[in-house]
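Take a look at the letters that make up each chain.
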Amino acid sequence: MDQMPLVATVYLRKKKHLSGKTYLYIHIPAKVSSDSQFIFREGDQLKMTVEPAKNRIILTRMKKSGRSKRR
């Protein structure tokens, strides 16, 4: 049986670092990040692929982090 995809509305937030550099953050809701199907963990190194023609961002885990703690 196929699992249902995890779906939620997420937001991009702009933050300015003390160094003066500006960053965009993606906020993932707790209802998604705490679900047992959510495959990413804090500390995971991710590769981000932006596909402008398809209006999507793809996140792929590069390697597992040394941390295995679950929030």
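Residues numbered from 1 in each chain as written. Predicted model: local features only at pLDDT ≥ 70, side-chain atom pairs only at ≥ 80, totals over all residues. Heavy atoms only, no water.

### Some remarks on the pairing of strand β3 (residues 45-51)
Inference 1: Bridge count between β3 and strand β4 (residues 56-63): 7 bridges; the pairing is antiparallel. Bridge pairing links T49 to I58 in β4.
Inference 2: Taken together, β3 and the strand that follows it, β4, pair antiparallel across an intervening segment of 4 residues, in which N55 is found at a positive phi of about 55 degrees. (Pairing = 2+ DSSP bridges. Helix = DSSP H or I, 4+ residues; strand = E, 2+ residues; numbered from the N terminus.)

### Focus: the pattern of salt bridges
Inference 1: One pass over the full model with this rule turns up 2 salt bridges.
Inference 2: Ionic pairing is found between R61 and D44, a salt bridge with its closest N-O pair at 3.0 Å. Of this pair, R61 sits in strand β4 while D44 sits in the loop between α1 (30-33) and β3, and the two are 17 residues apart along the sequence.
Inference 3: Assessed through its relative accessible area of 14%, D44 is described here as buried.
Inference 4: Here R56 and E51 are joined by a salt bridge, their closest N and O atoms 2.6 Å apart.
Inference 5: In this structure R56 comes out as partly exposed when scored by relative accessible area, which is 39%.
Inference 6: With relative accessibility at 23%, the residue E51 sits in the partly exposed group. (Salt bridge = Lys/Arg side-chain N within 4 Å of Asp/Glu carboxyl O. Buried < 20%, exposed > 50% of the residue type's maximum accessible area, 1.4 Å probe, protein only.)

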